[in-house]
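# Report on the structure
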Amino acid sequence: MDITAENTVAHTAGEADGEPAERVDVVVVGAGVAGLAAARLLAARGRRVVVLEARDRIGGRTCTDRTDGRITDLGASWIHGVDDSPVAAAAAAFGMATREFTVGSYQPDSRPIAYYAPDDRRLSDADARRFTDDVHTADAALADAIAAAPAGSSYDDAAETALATLGWDGERTERVREFLRHRSEEQYGVHSTRLDAHGLDDDAVDGDEVVFPDGYDRLAAHLADDLDVRLQHVVTEVRWHASGVRVTGDRGTLAGAQAVVTVPVGVLAAGDLTIDPPLPEPVAGALSRLEMNDFEKVFLRFDERFWEPDVYAIRRQGPGAHWWHSWYDLTDLHGTPTLLTFAAGPAAIAIRDWEPERVGDAVLAELRRLYGDAVPAPTHVQVTAWRADPFARGSYAFMTVGARPADHDLLATPVGGVLHLAGEATWTDDPATVTAALRSGHRAAENVLGADVPIDELWTTRA
Ligand SMILES: Cc1cc2nc3c(=O)[nH]c(=O)nc-3n(C[C@H](O)[C@H](O)[C@H](O)COP(=O)(O)OP(=O)(O)OC[C@H]3O[C@@H](n4cnc5c(N)ncnc54)[C@H](O)[C@@H]3O)c2cc1C
């Protein structure tokens, strides 16, 4: 895999419907986890596969920054539950180290969390327990409210319905209401009024959550081993017809019997990559109901730790904690005192044009309410910008109000028997994750081959 001129798309044999094009069996667009998984399985079954990738790197939204020896996962960090996870199985087979960190799915409890009340005082263990018990009670009512919600209800609508059944006083209700809103923002990067009532249906975590001390990008590197991946090839058009596809980009055209397109739904919606003829139903309708979110990571590194030892996270309650309310302790991961927080939903929209220093100052001001002068100046502040990234256009897709969970799988309906969409947004069971990307790539490969393929061929077979 390289980016030399030899690896640009060659113009060779003549083609009936346009420019001469290099011919392959399958063209895969996008070298994220979905595209690499599909390509790996297809290559292992003897198909000639070329992966075209716009960026100068593989991995897509799994992206590890190693500047100055710091290892920072700018995109995905967690496997949200290792039980029966093919990502966990692949990581183990590839020898990737993992670290347990079961706090990545906005759990209220199960691991130590330092809770701070609206008046900025630390909640006692008993008060924290009362609050988290309330969250569990509300969640049970919420599950009923979601099941009964009329089509077109938002997560916020369902939350209000659930809270109204509980008969709690204003303060008690408000603490749980804000928790549910923050969950929508942290899990899906969108305000709960814009997320469909079913938008968090997939939220269950099976088993421990883990992160990767050496970086999530190793997964893509292993998947890409021995594949023909062509970097810095921006695909602008995919034409499909009964007998095949033509994939055109800034470096020429490839012709294939089939194509697997794994670009984020935001790239498709923006029209940066056109599909001709346009996507038919049910794919087009499903695409129109899924949208990219606003979700950015903010990393703060310090010389010294000022927060409690042995806590997975710090959570602040109350109206003052509207934007900055949760901090995750990454210290054990890399040895440097580090907190991760998220700009999610409205906060991410508001800070889009802010310099990292301004974001850092805003976050520190809130931390100083809790820890006072003990909070030193950070040695390093890093803020991601996935929304502004033309090859992502957001962090992952959410279900707009009116979308159905099945819209994810509908996106992957084979088009004309030759065109297959894959990627995190195309997997209903656990969308918006690396697991979804991997599984969707596996499904695309099976659809191309018209045959079942064990998913473990991803890590047991050479490409
Ligand atoms: C901040 C953040 C935090 C996250 N946290 C987690 C987490 O903790 N756990 C988890 O499981 N998931 C998490 N995710 C989601 C996870 O990263 C994604 O679901 C997954 O990586 C998506 O993989 P994919 O292959 O579907 O898409 P991508 O990784 O986006 O791959 C698509 C590829 O297509 C390329 N491309 C785009 N346009 C073109 C074009 N025109 N021509 C050619 N190539 C193109 C892109 O450059 C990209 O490489 C997070 C994501 C972000 C951004």
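Criteria and thresholds
- Residues numbered from 1 in each chain as written.
- Predicted model: local features only at pLDDT ≥ 70, side-chain atom pairs only at ≥ 80, totals over all residues.
- Heavy atoms only, no water.
- Helix = DSSP H or I, 4+ residues; strand = E, 2+ residues; numbered from the N terminus.
- Rg over C-alpha atoms; globule rule 2.2 N^0.38 Å.
- Buried < 20%, exposed > 50% of the residue type's maximum accessible area, 1.4 Å probe, protein only.
- Contact = heavy atoms within 4.5 Å.
- Areas by Shrake-Rupley, 256 points an atom, 1.4 Å probe, with all protein chains shown as cover.
- Lys, Arg positive; Asp, Glu negative; His and termini not counted.
- Charge placed at Lys NZ, Arg CZ, Asp CG, Glu CD.
- Phe/Tyr/Trp six-rings, centres within 6.5 Å; stacked < 30°, edge-to-face > 60°.
- Core = buried A, V, L, I, M, F, W, Y, C linked by side-chain atoms within 4.5 Å.
- Near = heavy atom within 4 Å.
- Polar contact = N/O pair within 3.5 Å; in protein donor to acceptor, adjacent residues only side chain to side chain.
- Nonpolar A, V, L, I, M, F, W, Y, C, P; charged D, E, K, R; others polar.
- Axes fitted to C-alpha atoms, helices over the stretch in contact; angles between N-to-C directions.
- Parallel < 35°, antiparallel > 145°, perpendicular 65-115°, else oblique.
- Left-handed = near helix turned anticlockwise from the far one by under 90°.
- Salt bridge = Lys/Arg side-chain N within 4 Å of Asp/Glu carboxyl O.
- Pairing = 2+ DSSP bridges.
- Expected span 1.5 Å × (residues − 1).

Our next topic: the overall build of the protein chain. Check the secondary structure of the protein chain and you find 14 helices and 20 strands. Against the compact-globule benchmark of 23 Å for 463 residues, the protein chain has a radius of gyration of 23 Å, which places it among compact chains. Its C-alpha atoms give the protein chain principal-axis dimensions of about 75 × 50 × 40 Å. Here the protein chain, with 463 residues, has 58% of them falling under the buried criterion. Pairs at least 24 residues apart make up 74% of the contacts formed inside the protein chain by residues separated by at least 6 positions. If you sum the accessible surface of the protein chain, you get close to 18,200 Å²; carbon and sulfur atoms cover 49% of it. For the protein chain, the separation between the mean place of its 43 positive charges and that of its 75 negative charges on side chains is 1 Å.

With that settled, the discussion passes to the environment of Glu457. As for its placement among the helices and strands, Glu457 is situated in helix α14 (residues 457-460). It is 42 Å that separates the C-alpha atoms of Glu457 and Thr132, two residues lying 325 residues apart in sequence. Excluding its chain neighbours within four sequence positions, the residues that come into contact with Glu457 are Leu41 and Arg45.

Right, let's get into the packing of aromatic side chains. Counted under the stated rule, the structure contains 18 aromatic pairs. Where Trp78 meets Tyr328, the ring centres are 6.3 Å apart and the plane angle is 80°; that geometry is what we call edge-to-face. Linking Trp78 in the loop between β4 (72-73) and α2 (86-93) with Tyr328 in strand β16 (residues 326-329), this pair joins segments that are 250 residues apart in sequence. You can call Trp78 buried: its relative accessible area is 9%. Of the residues examined, Tyr328 reaches a relative accessible area of 1% and is grouped as buried. Plain terms: the ring middles of Phe306 and Trp307 are 4.9 Å apart, the flat faces sit at 85° to each other, and that makes the pair edge-to-face. Like Phe306, the residue Trp307 is buried in the burial classification.

Turning next to the nonpolar core. Phe101, Val103, Leu142, Tyr188 and Tyr328 are the most contacted members of the largest nonpolar core, which has 49 residues in total. Ranked by the residues each element gives to this core, the list is headed by helix α3 (residues 125-148), at 8 residues. Residues contacting Val103, with those up to four places away along its chain left out, are Trp78, Ile113, Glu209, Tyr312, Ala313 and Tyr328.

The environment of the ligand is formed by 38 residues, the closest being Glu53, Arg55, Arg61, Trp78 and Val434. At 3.1 Å from a nitrogen atom of the ligand is found a main-chain nitrogen or oxygen belonging to Ala54. Compared with its free state, where it exposes 1,000 Å², the ligand has 98% of that area covered by protein. Breaking the shell around the ligand down by element, the ones donating at least two residues are α1 (33-44) and α13 (434-449). Its residues assigned to classes, the shell around the ligand comprises 21 nonpolar, 13 polar and 4 charged.

Orientation of α3 relative to helix α5 (residues 170-188), taken along the N-to-C sense of each, is 70°, at an axis distance of 10 Å. Between α3 and α5, the angle falls in the class roughly perpendicular. For the pair α3 and α5, the sense of crossing is right-handed. For the pair formed by α3 and α5, the contact residues are Phe131, Asp134, Val135, Ala138, Asp139 and Leu142 on the first element and Arg172, Arg175, Val176, Phe179, Leu180 and Arg183 on the second.

This part covers the pattern of salt bridges. A complete count under the given rule lists 34 salt bridges for this structure. Close ionic contact of Arg48 with Glu22 constitutes a salt bridge, the shortest N to O distance being 2.7 Å. Of this pair, Arg48 sits in the loop between α1 and β2 (49-52) while Glu22 sits in strand β1 (residues 22-29), and the two are 26 residues apart along the sequence. Look at Arg48 and you get partly exposed, because its relative accessible area is 36%. A salt bridge links Arg230 to Asp228, with the shortest nitrogen-to-oxygen separation between them at 2.9 Å. Taking relative accessible area as the criterion, Asp228 reaches 22% and is therefore assigned partly exposed. Ionic contacts of the salt-bridge type, sharing partners, join the residues Glu22, Arg48, Asp228 and Arg230 into one network.

Pairing is mixed in the open sheet, where 6 strands are placed in the order β6-β15-β16-β17-β14-β18. Edge positions in the sheet fall to β6 (113-116) and β18 (380-383), since each of these pairs with one other strand and no more. Ignoring strand direction, the axes of neighbouring strands in this sheet form an average angle of 20°. Strand direction decides the pairing type here: strand β14 (residues 295-301) and strand β17 (residues 338-344), joined by 7 bridges, are antiparallel. Note that in β17 the partner of Arg301 across the bridge is Thr338.

Right, let's get into the packing of α1 against helix α6 (residues 217-224). Orientation of α1 relative to α6, taken along the N-to-C sense of each, is 25°, at an axis distance of 9 Å. With respect to α6, the element α1 is oriented roughly parallel. In the packing of α1 onto α6, the handedness of the crossing is left-handed. Here Val33, Leu36, Ala37 and Arg40 of α1 lie close against α6, whose contacting residues are Leu219, Ala220, His222, Leu223 and Ala224. The residue inventory of the contact of α1 with α6, partitioned by class, reads 7 nonpolar, 1 polar and 1 charged.

Turning to helix α11 (residues 356-371), a few remarks are in order. Every α-helical turn comprises 3.6 residues, leaving residues that sit three or four positions apart pointing alike. An ideal rise of 1.5 Å per residue puts 22 Å on 16 residues; α11 measures up with 22 Å between its terminal C-alpha atoms. Buried within α11 are the following residues: Val359, Gly360, Ala362, Val363, Leu364, Glu366, Leu367, Leu370 and Tyr371. Looking at the buried side of α11, the elements it contacts are β6, β14, β15 (313-316), β16, β17 and β18. Trailing α11 by a residue or two, Gly372 shows a phi angle of about 60°, which is positive.

Moving on, we get to the pairing of strand β9 (residues 235-241). Pairing geometry for β9 and strand β10 (residues 244-249), over 6 bridges, is antiparallel. Bridge pairing in β10 links Trp240 to Val245. What sits between β9 and β10 in their antiparallel hairpin is a turn of 2 residues. Pairing of β9 with strand β12 (residues 274-276), which is carried by 3 bridges, proceeds in the parallel orientation.

Spatial relationships are all this shows, so hold off on functional conclusions.
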